[in-house]
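These are the residues of each chain, in order.
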Amino acid sequence: MNLEDIKKVSVIGGGIMGFGIAINFARNGYSTLIQDLNDETVARSKQLVQSAMALFVEESLLSQAQADDTVSRISWTTDLAEAAQSDFITEAIVERLKDKQDLFNALDNLCPPQTIIVSNTSGLVMSEIGASVQRQDKVGVTHYFAPPHIVPGVEVAKGPGTSDQTYQIIYDLMKKTKKVPIQVLKEKPGYLINRIQNAMGAEVHRLWIEGVATAEEIELGMKTTFGFRMPHEGTFGHYDLAGVWRWPDDVMTPWRFRPDAEPVDEGTKKYRARMEEKKPWFFKPEEFDEAMEKRDREYVRRLKVLYPDL
């Protein structure tokens with residue numbers, strides 16, 4: 001199968017994630033079938049789609065004609081066998097391993113041999129979800145982030161048997177449907193972003209438990225500092241733009257490598273060796289001033305929108 005061979009897609013589970021995933025495919029020209037458990041869940045899924053389209057029109061993201069065109073490409077069914085007759089299927093059901101395994105096994109038996117089946121799991125791994133499927137080369141993970149019809153990024157991950165061709169098709173399909181695919185190179189529970197969020201969340205909860213600040217002040221601090229910066233820079237980008245790579249060793253060492261903060265394992269040694277190179281991740285040292293100017297210009301534009309009274 002090639003990317004051009006994908007004409008029809010199905011989404012299994014039309015709830016909080018599935019309806020938005022379906023919208024994204026339909027917006028970008030794909031005939032999309034949502035399968036759900038019963039008439040009640042199908043009705044709820046239809047309501048979610050209509051509400052999302054109304055918001056898009058109200059906020060001028062789509063014209064009414066474009067919204068109507070998107071909805072016209074989406075259909076619903078309670079019949080799994082019908083949904084299985086698609087070229088590309090996204091599983092978006094409850095985050096319960098046994099349920100996902102049962103569904104993947106059923107789809108593996110029902111789908112044509114060329115069909116690619118992916119999971120929208122946020123934390124489980126394909127080596128467990130698809131452990132019993134025969135089409136090991138045609139399964140994978142596309143982890144969308146809520147709300148999936150709005151948030152651009154999608155993590156794209158392999159299972160142990162996923163072929164390079166299948167992985168490339170999945171990646172290219174995300175780009176074709178105007179998502180930003182994030183390549184995950186190793187199978188790991190939680191993948192990238194949820195592991196980062198959970199680590200930050202654990203510290204946030206600890207600070208609240210210890211009474212360091214109220215929930216309101218912690219939230220305010222996050223949104224008005226690194227949350228404000230994050231549309232432009234992540235952790236590595238911040239290292240570059242804060243000029244940390246230019247810091248003297250006596251300043252860097254106690255700040256970055258506190259003895260009680262991390263065990264000195266092989267991973268730590270690898271990271272420290274990279275820091276000792278004293279160079280940015282994403283630009284050349286001589287491009288620092290230009291990168292700073294670009295960053296500040298974006299910050300000012302964002303400031304005017306988010307905080308017009310400041």
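Thresholds, definitions, all that
- Residues numbered from 1 in each chain as written.
- Predicted model: local features only at pLDDT ≥ 70, side-chain atom pairs only at ≥ 80, totals over all residues.
- Heavy atoms only, no water.
- Salt bridge = Lys/Arg side-chain N within 4 Å of Asp/Glu carboxyl O.
- Helix = DSSP H or I, 4+ residues; strand = E, 2+ residues; numbered from the N terminus.
- Buried < 20%, exposed > 50% of the residue type's maximum accessible area, 1.4 Å probe, protein only.
- Phe/Tyr/Trp six-rings, centres within 6.5 Å; stacked < 30°, edge-to-face > 60°.
- Lys NZ or Arg CZ within 6 Å of the ring centre and 35° of its normal.
- Axes fitted to C-alpha atoms, helices over the stretch in contact; angles between N-to-C directions.
- Parallel < 35°, antiparallel > 145°, perpendicular 65-115°, else oblique.
- Left-handed = near helix turned anticlockwise from the far one by under 90°.
- Contact = heavy atoms within 4.5 Å.
- Nonpolar A, V, L, I, M, F, W, Y, C, P; charged D, E, K, R; others polar.
- Pairing = 2+ DSSP bridges.

Engineer: Sorry if this is basic, but what is going on with the pattern of salt bridges here?
Structural biologist: Charged atoms that come close allow side chains of opposite charge to pair. Scanning all chains against the criterion turns up 15 salt bridges. Across the pair aspartate 108 and arginine 135 runs a salt bridge whose closest N-O atoms are separated by 2.7 Å. A residue pair is termed long-range when its members are at least 10 positions apart, and aspartate 108 in helix 5 (residues 97-110) and arginine 135 in the loop between helix 6 (126-129) and strand 6 (139-144) qualify at 27 residues. Each member of the pair aspartate 108 and arginine 135 is classed as buried. Salt bridges sharing common partners tie together Glu91, Glu95 and Lys100.

Engineer: Looking at this model, I keep getting lost on the packing of aromatic side chains. Mind explaining?
Structural biologist: Each aromatic ring pair is summarised here by two numbers: the centre-to-centre distance and the angle between the ring planes. Under the defined criterion, the tally for this structure stands at 7 aromatic pairs. Aromatic side chains phenylalanine 228 and tyrosine 299 sit 5.6 Å apart centroid to centroid with 65° between the ring planes, which places their arrangement in the edge-to-face category. Residue phenylalanine 228 is found in helix 10 (residues 226-229), and its partner tyrosine 299 is found in helix 14 (residues 288-306); the two are separated by 71 residues along the sequence. Taking the centre distance of 6.2 Å and the plane angle of 50° together, the rings of phenylalanine 228 and tyrosine 307 count as tilted. Of this pair, phenylalanine 228 sits in helix 10 while tyrosine 307 sits in the segment after helix 14, placing them 79 residues apart in sequence. One residue, lysine 158, lies across the ring of tyrosine 167, its end atom 5.4 Å from the ring centre. The ring of tryptophan 245 is capped by arginine 246, whose NZ or CZ atom sits 5.7 Å from the centre of that ring.

Engineer: Would you take a moment to explain the packing of helix 2 (residues 39-58) against helix 3 (residues 64-72) for this structure?
Structural biologist: A pair of packed helices is captured by two measures, namely the crossing angle of their axes and the spacing between those axes. Helix 3 packs onto helix 2 with a crossing angle of 160° between their chain directions and a minimal axis gap of 9 Å. It follows from the interaxial angle that helix 2 and helix 3 lie roughly antiparallel. You can see that helix 2 and helix 3 cross each other, and the crossing is right-handed. Within the contact between the two elements, helix 2 uses Val49, Gln50, Met53 and Val57 and helix 3 uses Gln64, Ala67, Thr70 and Val71. Within the contact of helix 2 with helix 3, the residues separate by chemical class into 5 nonpolar, 3 polar and no charged.

Engineer: Is there a simple way to explain the sheet that holds strand 4 (residues 88-91) in this structure?
Structural biologist: Across a sheet, strands are paired by hydrogen bonds formed along the backbone, either parallel or antiparallel in direction. Taken in spatial order, the 8 strands line up as 3-2-1-4-5-6-7-8 in an open sheet, and their pairing is mixed. Of all strands in the sheet, those with a lone pairing partner are strand 3 (74-77) and strand 8 (180-183), marking the two edges. Between one strand axis and the next, the sheet turns through 25° on average, direction left out of account. Sheet analysis places strand 5 (residues 116-119) next to strand 6, joined by 3 bridges and oriented parallel. Counted as the bridge partner of serine 119 is valine 141 from strand 6. Most of the contacts of helix 5 go to strand 5, to which it runs at about 170°, and overall it touches strand 1 (8-12), strand 4, strand 5 and strand 6.

None of this, on its own, says anything about what the molecule does.
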